[in-house]
Amino acid sequence: MSVSGTLRLKRGDFELEAELELPERGVTALFGRSGSGKTTLLRCLAGLERGEGWLSVNGCRWQHGRHFLPVHRRPLGYVFQEASLFPHLRVRDNLRYGYRRVAAGQRRVDFDETVHLLGVEALLDRHPHALSGGQRQRVAIARALLASPRLLLMDEPMASLDAASKAEILPYLERLHTHLEIPVVYVSHALEEVARLADYLVLLEAGRVLAAGPLHELLVRSDLPLSHADNAAAVLEARVLECDAVQQVIALECGAGRLWLSHPPAPTGTPLRVSVKARDVVISLTPPQDSSVLNCLPARISEIADDPHPGHLLVRLTIGDQTLISRITREAAKRLALVVGQPVYAQLRGAALS
Ligand SMILES: Nc1ncnc2c1ncn2[C@@H]1O[C@H](COP(=O)(O)OP(=O)(O)OP(=O)(O)O)[C@@H](O)[C@H]1O
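Residues numbered from 1 in each chain as written. Predicted model: local features only at pLDDT ≥ 70, side-chain atom pairs only at ≥ 80, totals over all residues. Heavy atoms only, no water.

Observations concerning the site of the ligand
As a reminder of what qualifies: By convention in this text, a residue qualifies as near a molecule or strand provided that one of its non-hydrogen atoms is within 4 Å of it. Here a polar contact is recorded for every N or O atom pair within 3.5 Å, except that within protein the pair must consist of a potential hydrogen donor and a potential acceptor, and residues adjacent in sequence are included only if both atoms are side-chain atoms. Residue burial considers only the protein chains on display, and all accessible areas are found by Shrake-Rupley using a 1.4 Å probe. Strands are runs of DSSP state E lasting at least two residues, helices are runs of H or I lasting at least four, and both sets are numbered from the N terminus onward.
Among the 13 residues in the neighbourhood of the ligand, the closest are listed as Ser-34, Gly-35, Lys-38, Thr-39 and Thr-40. Separating an oxygen atom of the ligand from a backbone N or O atom of Gly-37 is a distance of 3.0 Å. Residue Lys-38 places a side-chain N or O atom 2.8 Å away from an oxygen atom belonging to the ligand. In the complex, 58% of the free accessible area of the ligand, which totals 640 Å², lies under the protein chains. For the shell around the ligand, the element with the most residues is helix H1 (residues 38–46), which contributes three residues.

See below:
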């Protein structure tokens, strides 16, 4: 574990008390409703707030007892909701600014590779005022990475973007969790964003860690609020099996079966993440012969839990070694006489690739 610690801070009526053990790479989302303490915790990690406790990153003590490494001495990148680029400098010089501050021998990133990762090659000669919101954020992320940080902190980097800019920047953010060797801590209160981007989740509630663990496990836990949200979803890890370039569909292998999704062709074997909403999973006892739903996977019921809505139940389905959730009515569960352990079929009315 490369980021670990216990951080405590009191601000007015609010008290943060968070114990953290985060994986050494991949994207960790700090998730929770407004006021749960996500930004406060991020600021404590950065050293912008000085709470009590200890913090260790990559084996280095950033905070312990009276020792407190100030923010300017912490090797981290911080991306804010609004990109803060130097307005008088072209993109190229904004990027060089952070890069040059690190001695050549200590650099862990390559300038051109980072520019390519964030897709900002064509923007290098522009000034920040000539960039869209999404482009500005991509430059801000590239600039943060070029300073060779040991930890990248991102505070709702898409919060101030419109839907089109969000759609434009998402694929670049998705690349981060596979391409970066350092941990990324990403604050968000949008479940769909987290389901697309995160590998690991820290669920905050009133300043405390309610649960922490791999994303795919926490999303489907019936004892946590995530699985009961209106847009609750599970994620399946899948690989490209084949493509139909004419119809623009791809076949994916996901452990227990094959899924067909609309998607431009991708090389065989490419790993992809599929997000499936609980409300889009229909349970049937036999494989449907006369349904327009294309995707149907053999499954086994692993749990039937109450849902906050009195007329609904949450059903957990094991698909190979992965899990889906389905929200169905109590009436339907009674009619089908569903019980734990029963083999069934999961029809996916919708599935989104991420
Ligand atoms: N300087 C301060 N003085 C008093 N209270 C504060 C201060 N800073 C933060 N708080 C309170 O701490 C709590 C947590 O705030 P924080 O911004 O960390 O939450 P958040 O989960 O990031 O929320 P959001 O999603 O709305 O950004 C809030 O109740 C906030 O009002």
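Now that the structure has been shown, the text picks up again.
Some points on the packing of aromatic side chains
Under the convention used in this document: Pairing of aromatic rings covers Phe, Tyr and Trp, the last counted by its six-membered ring, and requires centre-to-centre distances within 6.5 Å; plane angles under 30 degrees mean stacked, over 60 mean edge-to-face, and any other angle means tilted. Distance and angle both matter: a charge sits over a ring if NZ of Lys or CZ of Arg is within 6 Å of the ring centre and within 35 degrees of the ring normal.
Considering all chains together, one arrives at three aromatic pairs under this definition. Between Tyr-78 and Phe-80 the ring centres are 4.3 Å apart and the planes differ by 20°, which places this aromatic pair in the stacked class. For Arg-107, the ring lying beneath its charged end belongs to Tyr-99, and the centroid distance is 4.0 Å. Over the ring of Phe-86 we find Arg-143, and its NZ or CZ is 5.3 Å from the ring centre.

Re the pairing of strand S14 (residues 258–262)
As a reminder of what qualifies: Buried residues are those whose accessible area, probed at 1.4 Å on protein chains only, stays under 20% of the maximum for their type, while exposed residues exceed 50% and partly exposed ones sit between those limits. Two strands are counted as paired when DSSP detects at least two bridges linking them.
Here S14 shows one buried face, formed by Leu-259 and Leu-261, and one open face, formed by Arg-258, Trp-260 and Ser-262. Between strand S13 (residues 249–253) and S14, which pair antiparallel in sequence order, lie four residues; one of them, Gly-255, sits at a positive phi of approximately 90°.

Considering the domain arrangement of the protein chain
For clarity, the cut-off: A domain assignment, automatic or from a database, supplies the domain bounds used here. Here, two residues are considered to be in contact whenever any of their heavy atoms come within 4.5 Å of each other. We define buried area as the total accessible area lost by two parts upon association, computed with a 1.4 Å probe and summed across both. By convention in these notes, a salt bridge is any Lys or Arg side-chain nitrogen within 4 Å of a carboxyl oxygen on Asp or Glu.
Along its sequence, the protein chain is carved into domain 1 (3–218) and domain 2 (233–353). Each of domain 1 and domain 2 has a C-alpha centre, and these two points are 33 Å apart. Contact residues are listed per partner, giving ten residues for domain 1 and four residues for domain 2. With both chains or domains summed, domain 1 and domain 2 bury close to 500 Å², and 47% of this area falls on carbon and sulfur atoms. Three residues, Ala-195, Arg-196 and His-216, lead the burial of domain 1 against domain 2; their summed loss comes to 55% of the area buried on that side. For the pair domain 1 and domain 2, the interface holds two salt bridges. Ionic pairing is found between Arg-273 and Asp-199, a salt bridge with its closest N-O pair at 3.4 Å. Where domain 1 touches domain 2, the interface holds four residue pairs in polar contact (both at pLDDT 80 or more). When residues of the side of domain 1 that touches domain 2 are traced back to their parent elements, those giving at least two are helix H6 (191–197) and helix H7 (215–218). The biggest single contributor to the side of domain 1 that touches domain 2 is H6, with five residues.

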